[in-house]
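Tertiary structure, described
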Amino acid sequence: NAGVTQTPKFQVLKTGQSMTLQCAQDMNHEYMSWYRQDPGMGLRLIHYSVGAGITDQGEVPNGYNVSRSTTEDFPLRLLSAAPSQTSVYFCATLREPYEQYFGPGTRLTVT
Amino acid sequence: GEDVEQSLFLSVREGDSSVINCTYTDSSSTYLYWYKQEPGAGLQLLTYIFSNMDMKQDQRLTVLLNKKDKHLSLRIADTQTGDSAIYFCAENNQGGKLIFGQGTELSVKP
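Read on for an overview of the structure. (Residues numbered from 1 in each chain as written. Chains lettered and ligands numbered in written order. Predicted model: local features only at pLDDT ≥ 70, side-chain atom pairs only at ≥ 80, totals over all residues. Heavy atoms only, no water.)

**Regarding the overall build of chain B**
The helix and strand tally for chain B stands at zero helices and eleven strands. Its helices and strands taken in sequence order, chain B reads β-β-β-β-β-β-β-β-β-β-β from the N to the C terminus. By the compact-globule yardstick of 13 Å for 110 residues, chain B fits well, its C-alpha radius of gyration being 13 Å. With respect to the three principal axes, the spread of C-alpha positions in chain B is 40 × 30 × 20 Å. Buried residues in chain B amount to 44% of all 110 residues. (Helix = DSSP H or I, 4+ residues; strand = E, 2+ residues; numbered from the N terminus. Rg over C-alpha atoms; globule rule 2.2 N^0.38 Å. Buried < 20%, exposed > 50% of the residue type's maximum accessible area, 1.4 Å probe, protein only.)

Here's what the structure looks like:
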């Protein structure tokens, strides 16, 4: 049981490039979410999904797209990276009613 | 809107108690959490408290909740150097959507 896995662990992009951050879970949790962590600001919710085929926006969704075609996977897409998207990204799942499991994070730098 | 506030830094000596404080604004929060983050790692759920409780104890950890003042605290007894980390308070009122504080960096000096 691997829990929540994220790839890659580190990534450097140039402004304007696109990429997908991968998140996978093997716990059969319906709820998944993406957060970004910036110094002094805690974690902020980007997008979330309550089940396959259903996604919704969080607090800071601009510049990011998501889809949820399976229960296991919840990729986060950056269509045109900007320096303001330099951050650490965490994927999380929820075991109802209260316990969230976080992945190890992806550290993204946009130059 | 919803907001969670924490002080940014706390320094204690090994063996002392640490108290990390948090205030929140959403009175409809169902659960309140404390997470620990060690350098370069993800978030580890330390403990949580349901909104109809006012205290929860779990080994060295004590969580106090004052709903009237919307104040949450985490007390770590006999603090060890391994407790050095960033501690995040978070509230939950809608399924898995968590609102996090900025994090309190705890430094434990030998």
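**Observations concerning the interface of chain B and chain A**
Interface extent is often summarised as the accessible area lost during association of the parts. Listed per partner, the contact involves 18 residues of chain B and 19 residues of chain A. Both faces considered, chain B and chain A share a buried interface measuring about 1,500 Å² in area, 60% of it formed by carbon and sulfur atoms. Scanning the region where chain B abuts chain A turns up zero salt bridges. Run the count over chain B and chain A and you get three residue pairs in polar contact (both at pLDDT 80 or more). Every element with two or more residues in the side of chain B that touches chain A is listed here: β4 (31–37), β5 (43–50) and β10 (97–100) of chain B. (Contact = heavy atoms within 4.5 Å. Buried area = accessible area lost by both parts, 1.4 Å probe. Salt bridge = Lys/Arg side-chain N within 4 Å of Asp/Glu carboxyl O. Polar contact = N/O pair within 3.5 Å; in protein donor to acceptor, adjacent residues only side chain to side chain.)

**Remarks on the environment of Val66 of chain A**
All names here are of chain A. Structurally, Val66 is set in strand β7 (residues 64–66). Each C-alpha atom of the pair Val66 and Asp38 lies 20 Å from the other, and the pair is 28 residues apart in sequence. Beyond its immediate chain neighbours, meaning those up to four positions away, Val66 contacts Trp34, His47, Thr55, Phe74, Pro75, Leu76 and Arg77.

**A word on the packing of aromatic side chains**
Residue and element names in this part refer to chain B. Tallied over the entire structure, the rule returns twelve aromatic pairs over all chains. A centroid spacing of 6.0 Å and a plane angle of 65° characterise the contact between Tyr31 and Tyr48, whose relative ring orientation is edge-to-face. Remark: Tyr48 occurs in strand β5 and Tyr31 occurs in strand β4; sequence separation between them is 17 residues. The exposure class assigned to Tyr31 is buried, which follows from its relative accessible area of 11%. Given a relative accessible area of 21%, Tyr48 falls into the partly exposed group. (Phe/Tyr/Trp six-rings, centres within 6.5 Å; stacked < 30°, edge-to-face > 60°.)

**Brief notes about the nonpolar core**
Among the nonpolar cores identified, the biggest contains 21 residues, and Trp34, Leu72, Leu74 and Tyr87 of chain B are the most heavily contacted of them. The set of elements that each furnish at least two residues to this core consists of β3 (18–24), β4, β5, β7 (61–66), β8 (71–76), β9 (85–94) and β11 (104–109) of chain B. (Core = buried A, V, L, I, M, F, W, Y, C linked by side-chain atoms within 4.5 Å.)

**Examining the sheet that holds β7 of chain A**
All names here are of chain A. Ordered in space as β1-β3-β8-β7, the four strands form an open sheet in which the pairing is antiparallel. With partners counted over all chains shown, the strands left at the sheet margins are β1 (4–7) and β7, one partner each. Looking at each pair of strands side by side, their axes are set apart by 20° on average, direction ignored. The pairing of strand β3 (residues 19–25) with strand β8 (residues 76–78) spans three bridges and is classified as antiparallel. (Pairing = 2+ DSSP bridges. Axes fitted to C-alpha atoms, helices over the stretch in contact; angles between N-to-C directions.)

**So, the state of the cysteines**
As enumerated under the stated definition, the model contains two disulfides over all chains in all. Bridging Cys23 of chain A to Cys91 of chain A, the disulfide has an S-S length of 1.8 Å. Disulfide Cys23 of chain A-Cys91 of chain A: torsion about the S-S bond near -70°, hence left-handed. Taken as a pair, Cys23 of chain A in strand β3 and Cys91 of chain A in strand β9 (residues 87–95) lie far apart in primary sequence, 68 residues in all. Taking the relative accessible area as the measure of exposure, Cys23 of chain A reaches 1% and is therefore buried. The class for Cys91 of chain A is buried, based on a relative accessible area of 0%. Covalent S-S linkage joins Cys22 of chain B and Cys89 of chain B, the inter-sulfur distance amounting to 2.0 Å. With the S-S dihedral at roughly -60°, the linkage between Cys22 of chain B and Cys89 of chain B falls on the left-handed side. One end of the pair, Cys22 of chain B, is in strand β3; the other, Cys89 of chain B, is in strand β9, with 67 residues separating them in the sequence. (Disulfide = S-S within 2.5 Å.)

**What about the pairing of strand β6 (residues 54–57) of chain A?**
Residues and elements named next belong to chain A. Sheet analysis places strand β5 (residues 43–51) next to β6, joined by three bridges and oriented antiparallel. Bridge pairing in β6 links His47 to Gln57. Hairpin connection of β5 to β6: two residues between the antiparallel strands, including Gly53 at a positive phi of 85°.

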